[in-house]
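# Understanding the architecture of this molecule
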Amino acid sequence: MFPEKPLTEDALKTLSTTLVNARKQAGVLKTFPGDVPTTLDAAYRFQDMSLMQWNDEITGWKVGMVVPELREQMGGERLMGPVFKKVTHFIGRPHNDDEFVELEVYAGGMVAVEAELVFELGKEVTPGSIDTKGPLKHLINAVYAGVEIASSPVIDLNSYGPTAIISDFGVNQGMVVGAPIEQWDSVIENIQTSVFINNEHINSAPSNNVLRGPMAAVAYLIDQAAARNITLPKGCMICSGAITGVHDTVVGASATVSFEGIGNINMKLIPVTP
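This write-up is about the structure you can find in this document. (Residues numbered from 1 in each chain as written. Predicted model: local features only at pLDDT ≥ 70, side-chain atom pairs only at ≥ 80, totals over all residues. Heavy atoms only, no water.)

All right, on to the nonpolar core then. Counting 80 residues, the largest nonpolar core has Phe32, Val113, Leu232 and Met267 as the members making the most contacts within it. With eight residues, strand β5 (residues 110-121) is the largest single contributor of residues to this core. Not counting chain neighbours up to four residues away, the residues in contact with valine 113 comprise Val147, Glu148, Ile149, Val195, Gly245, Val246, His247, Thr249, Ala255, Val257, Met267 and Leu269. Of all hydrophobic cores here, the second largest spans eight residues; its members include Val83, Tyr144, Val177 and Cys239. (Core = buried A, V, L, I, M, F, W, Y, C linked by side-chain atoms within 4.5 Å. Buried < 20%, exposed > 50% of the residue type's maximum accessible area, 1.4 Å probe, protein only. Helix = DSSP H or I, 4+ residues; strand = E, 2+ residues; numbered from the N terminus. Contact = heavy atoms within 4.5 Å.)

Dropping the structure here:
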């Protein structure tokens, strides 16, 4: 999976440009376009290079998982990627049955639907200003039922591992923010979350079903942003991890994510245009 030698900065820049151009041109790449970065640090340098080439505002960050068998090798169990304004959809309420949001994905590329809790920061978090071993609830303005749409021009991106995922913007291609969850800290473990694709039930799980709970994902995001000297502004949205799993699908599919007692988010997946 990984090359024997670390990639040079020039090699990272070349790969970054290739992936960014594929995204801009709505292209498809049959394989990862070169050697995969060997470390999380190199992958984040790759991501930073790509961010410099991408003309869009960051509205939040997604938190994903490093697969268990690679956590020791990678020296980490989670990863982060940006969520951009052009693919952020704030609804703020449940959908009616006849409502849906259209989400652009890479036709022929990797496409997946993930049910997630979305945490909204109520204050700015500057690098190093928060001890994440202490309480964090005071930082949270609201928690919402949400969805992350993952998509990449690389057909089988996830098979290349966490550094490839980080390199391609954490494979994020959209965030949908649904209804707020009142008294979220005391109720999320009792809210059943379900994913349906083309009206077929795919999976269900309690809404707090991520490693050590979603607040552990928020703590990770704060720490990793600090390590990268990234300030998280007030209003920043954090997708805290896939509750029921990462569910592969294709362009043209419809999907519904249901948060029991909170409401549904209905989606149609349409092709990205250049």
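Still more ground to cover, so stick around.
Inspection of every chain in the model, using the stated rule, returns nine salt bridges. For the salt bridge of arginine 228 with aspartate 48, the shortest nitrogen-to-oxygen distance reads 2.6 Å. Of the two residues, arginine 228 is situated in the loop between α6 (214-227) and β10 (237-239) and aspartate 48 in helix α2 (residues 40-53); the sequence distance between them amounts to 180 residues. For glutamate 77, the salt bridge is made with arginine 212, and the minimal N-O distance between the two is 2.2 Å. With glutamate 77 in the loop between α3 (71-74) and β2 (78-84) and arginine 212 in the loop between β9 (200-206) and α6, the pair connects residues that are 135 residues apart, well separated along the chain. Since its relative accessible area comes to 25%, glutamate 77 is described here as partly exposed. Where salt bridges share partners, they join Glu77, Arg78 and Arg212 into one cluster. (Salt bridge = Lys/Arg side-chain N within 4 Å of Asp/Glu carboxyl O.)

Right, let's talk about the pairing of strand β12 (residues 254-259) for a bit. When you tally the buried positions in β12, you get five out of six residues, the bulk of the element. Here strand β8 (residues 192-197) pairs with β12 via five bridges, running antiparallel. Opposite valine 195, over in β12, you have valine 257 as the bridge partner. Direction of pairing for β12 relative to strand β13 (residues 263-271): antiparallel, over a ladder of six bridges. Looking across to β13, one finds that serine 258 is bridged to asparagine 264. (Pairing = 2+ DSSP bridges.)

Moving on, we get to the packing of helix α1 (residues 9-24) against α2. At their nearest, the axes of α1 and α2 sit 9 Å apart, and the two run at 50° to each other. Relative to α2, the element α1 is oriented oblique. When the axes of α1 and α2 are compared, the crossing they make is right-handed. Residue-level contacts link Glu9, Leu12, Lys13, Leu15, Ser16, Thr17, Leu19, Val20 and Lys24 of α1 to Ala42, Arg45, Phe46, Met49, Ser50 and Gln53 of α2. Partitioning the contact of α1 with α2 into residue classes produces seven nonpolar, four polar and four charged. (Axes fitted to C-alpha atoms, helices over the stretch in contact; angles between N-to-C directions. Parallel < 35°, antiparallel > 145°, perpendicular 65-115°, else oblique. Left-handed = near helix turned anticlockwise from the far one by under 90°. Nonpolar A, V, L, I, M, F, W, Y, C, P; charged D, E, K, R; others polar.)

The topology assignment puts serine 16 in helix α1. Judged by its relative accessible area of 0%, serine 16 falls in the buried class. Within polar-contact distance, the side chain of serine 16 engages the side chain of serine 50 at 2.7 Å. Within the structure, serine 16 has its side chain in polar contact with the side chain of glutamine 53 (distance 3.0 Å). In this structure serine 16 touches Phe46, Met49, Ser50 and Gln53, once residues within four positions along its chain are discounted. (Polar contact = N/O pair within 3.5 Å; in protein donor to acceptor, adjacent residues only side chain to side chain.)

Attention now moves to the state of the cysteines. Here a disulfide denotes a covalent bond joining the sulfur atom of one cysteine to the sulfur atom of another. Inspection of the entire model under this criterion finds zero disulfides. Free cysteine: cysteine 236, not disulfide-bonded; nearest cysteine sulfur from cysteine 239 at 9.7 Å. (Disulfide = S-S within 2.5 Å.)

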